[in-house]
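Okay, here's what each chain looks like letter by letter:
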Amino acid sequence: MRNENIYQSIMPAVYIAADNIYSPIGTTTAQNFERVKQGISGIKKYNDSALSDEPVHVSVFNYNESVVDKEFINSKFESLLIASVKDALTIADIDATDEKTILIVSSTKGNISLLETDPAAPDLKDRIALHTSAKKVAGHFGFVNQPLVVSNACISGIMAILTGARLLQSGQYENAVVVGADVISKFVLSGFQSFQAISSEPCKPFDENRTGITLGEGAATMILSTNAKYAGRIKVLGGAVSNDANHISAPSRTGKELSDAIERTLTMAGLVSDDIDLVSAHGTATSYNDEMEAKAIALAGLSIVPANSLKGYYGHTLGAAGLIESIISIQSLKQNVILPTLGFEKIGVSSPVSICTELTPKRLKTCLKTASGFGGCNAAVVFSK
Amino acid sequence: MYINNNITFRCTISKNVIYKNEVPVFEDRGADVPSFLLSAYQFLEVTYPKFYKMDNLSKLAWLAAEVLLKGTDIKSYKPEEVGLILTNANASLDSDLKYMESVSDIPSPALFVYTLPNIMTGEICIRNNFKGEDAFFIFEKFDAAFIETYVNNLLNNGILEACICGWVDVLGDDYKAVLFLVEKKEKANSVQFSKKNLNSIFDNLIIDKI
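Here goes a summary of the coordinates provided. All chains use their own residue numbering, which begins from 1 and follows the written sequence. Think of it this way: whatever chain is written first is A, whatever ligand is written first is 1, and the rest follow in order. Two thresholds apply to this predicted model, a pLDDT of at least 70 for residue-level local features and 80 or more for giving and counting side-chain atom pairs, whereas whole-chain, interface and lining totals are computed over all residues.

Turning next to the pairing of strand E7 (residues 174–183) of chain B. Both faces of the sheet carry side chains from a regular strand, because those side chains alternate between them. Residues and elements named next belong to chain B. In terms of burial, E7 is largely enclosed, as 9 of its 10 residues are buried. Of the strand pairs in this sheet, strand E1 (residues 6–14) and E7 are connected by 7 bridges, and their pairing is antiparallel. The partner of Cys11 across the bridge, within E7, is Leu179. The sheet contact formed by strand E6 (residues 162–171) and E7 spans 10 bridges and is antiparallel. Note on E7: the bridge partner recorded for Val168 is Ala177. Only when DSSP finds a minimum of two bridges between them are two strands counted as paired. What counts as a helix is a DSSP run of H or I of at least four residues, what counts as a strand is a run of E of at least two, and both are numbered from the N terminus. Where E6 folds back on E7, the antiparallel hairpin that results is connected by 2 residues, among which Gly172 adopts a positive phi of roughly 60 degrees. Neighbour counting defines burial: a residue surrounded by 20 or more other C-beta atoms within 10 Å of its own C-beta is buried, one with 12 or fewer is exposed, and intermediate counts give partly exposed, using backbone-placed C-beta atoms.

Dropping the structure here:
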């Protein structure tokens, strides 16, 4: 027997104390949200053999304003993590060196681009290991606890938020600095190309003419806290993770498992589907993902709830996606405005889903964020005022 | 309320020996990693064609899960009640290196799909129809304290009824898998689910002397 109802009543509330998005379209949450509201996308066409043998659409940092530090102490991946955490820590006024504060890092491939740029490095194995990067970031800010690293494909960002929330609710820590980042290089790009999964145009989530994903890089940080001084901020009400047990790279045919994760999330949060005001979908714009997601949204009774995918602005930012898209959706809650799904024109999925097509002012209280990934994993999390 | 959970079964694969509950059940000393994994699969006498297309990391995890779960009543749980919390140090680097070699020629989708550590979790879920929560964490070394806290949280808050957790790592010739089945109820050979017991089973000091 499950005991989620007890869960809500006995667990301390988890507040979002601060956040940051460090992306090709902006270096703060406010800047990112303003630009996304203006319909600005980071996706551009690149003709760069370091990325791809053919021209390709990606959302990457402009190399002229590279984020890599001058002394090359930190890799691009680590520099992104540090830049994002730094801004969020300043906003939250949280002491990273406090023993009640933990750092959680989310990434799918971390420093993997070093295989391309520095393959002969003697310490390559250690430099690529995600725990090395996490330790460097922790050391930079003086975190005293060992950092945690989540690497669970494209649900990593949501899972890192859930992991942080649970560690706070168990009383082990008071603050969790949750940061995610991924860098786009030939390694990842060629892999998705080999799957024929990359769109030749900027991605078109849920559209009838969608032909695949567009990749993007970026970082984002969400600082969670149970400290009462943040009462009144947006809360993480709960979340759940499930596995399709069907295929390692293809999504479920029915959407049942993602729908189960959504329903468990709602139960844990003490909510019903009618309470959800906005669904921030994964919406990668592959044929199978969007179809599965639409089925799951319908199964969970959310067909009429306004839904969007933010992949048209950022591309698929992999281990950062769950964080970037959650933070943008939280801004939507704060500003009472739903963002359109850039790239979407006409519905191209078989189950009903209410894809938002224009900037829509609406009183919003609660947002559901979902993601799915290779390995058959699905995740959902709910945020509320 | 503190609830005592139990390690009801465990499996270690290390140095070409497979142990079930600390008892050696198979060995093939001298074989290289791919040969050892294949001979271990043949020893199990099961037919699972998907095994052959897996990378070494997924093969190792899949074998450890097969041995771990044999003779258990894991099927008595509902699919969504069973989950996996796995950890390692090198993520999927063993396959990342192999995939990268293919990139200069023709990038291989069959290799690329294994360049994520949680694919092994997916393989175990597919084999056993486990649909509960799964998660993959990267640590420099096996972190028994984290496993104890995290899995207790999942079991004691009703998120899972049974959890397969542990460590599965492969890089070149180095590998180690230690999986634990953690359940609420005690079983014949169970030991308390504690940091101390996780560490002593992981280190397997007595067995390594054989």
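Let's pick the thread back up.
Turning our eyes to something else, we now look at the environment of B:Ser39. Residue and element names in this part refer to chain B. By the element assignment, Ser39 lies in helix H1 (residues 33–44). With 13 residues separating them in the primary sequence, Ser39 and Phe26 have C-alpha atoms 9.5 Å apart. Setting aside its immediate chain neighbours within four residues, Ser39 contacts Asp28 and Ala31. What counts as a contact here is a pair of residues whose C-beta atoms, placed from the backbone, lie within 7 Å.

A sheet is described by the order of its strands in space; here 3 strands give the open sequence E2-E3-E7 (chain A), paired in mixed fashion. Two strands close off the open sheet at either side, each with one partner strand: strand E2 (44–46) and strand E7 (215–216) of chain A.

Residue and element names in this part refer to chain B. The residue Asn16 is not glycine, and still its phi comes out positive at about 65 degrees. Position of Asn16 relative to the elements: it lies in the loop between E1 and strand E2 (17–20). Residue class for Asn16 comes out partly exposed when judged on the 19 C-beta atoms lying within 10 Å of it. Within the chain, Glu22 stands out as a residue other than glycine whose phi angle is a positive 70 degrees. Tracing the backbone shows Glu22 in the loop between E2 and strand E3 (23–27).

Moving on, we come to the environment of B:Trp167. Residues and elements named next belong to chain B. Assignment of secondary structure puts Trp167 in strand E6. Assessed through the 24 C-beta atoms surrounding it within 10 Å, Trp167 is described here as buried. In this structure, Trp167 is in contact with Thr87, Asn88, Phe142, Lys176, Ala177, Val178 and Phe202, ignoring residues within four places of it in sequence.

Turning to the nonpolar core, a few remarks are in order. Counting 206 residues, the largest nonpolar core has A:Leu224, B:Leu60 and B:Ala64 as the members making the most contacts within it. Per element, the largest residue contribution to this core is 10 residues, and it comes from helix H3 (residues 56–69) of chain B. Per the annotation, domain bounds derive from an automatic or database assignment of domains. Lining this core are residues from two domains, each supplying at least three of them: domain 1 (8–229) and domain 2 (233–384) of chain A. Those residues in contact with B:Leu60 that sit more than four places away from it in its chain are B:Ile13, B:Leu37, B:Val168, B:Val170, B:Tyr175 and B:Ala177. Put simply, a nonpolar core is buried Ala, Val, Leu, Ile, Met, Phe, Trp, Tyr and Cys residues tied into one set by C-beta atoms within 7 Å.

Let us look at the pairing of strand E3 (residues 56–59) of chain A. Residue and element names in this part refer to chain A. Burial along E3 is two-sided: the residues Val56 and Val58 and His57 and Ser59 are all buried. The sheet contact formed by E2 and E3 spans 3 bridges and is antiparallel. In the strand pairing of E3, Tyr46 is matched with Val56. In the sheet, E3 pairs with E7 via 2 bridges, with the strands oriented parallel. By the bridge assignment for E7, Ser59 is matched with Gly216.

Residues lying three or four places apart along an α-helix face the same way, a consequence of the helix completing one turn every 3.6 residues. All names here are of chain A. By definition here, a helix of n residues has an expected span of 1.5 Å times n minus one. Over its 17 residues, helix H3 (residues 76–92) runs 24 Å from end to end, which matches the ideal 24 Å to within 8%, given 1.5 Å per residue. Summarising burial for H3: 12 of the 17 residues are buried, a large majority. Burial in H3 covers these residues: Lys76, Phe77, Glu78, Ser79, Leu80, Leu81, Ile82, Ser84, Val85, Ala88, Leu89 and Ala92. Residues of H3 that are buried in the fold lie against strand E1 (14–22), strand E4 (101–106), helix H6 (130–141), strand E6 (175–182) and strand E8 (218–225). Just past H3, the residue Asp93 takes up positive phi, approximately 55 degrees.

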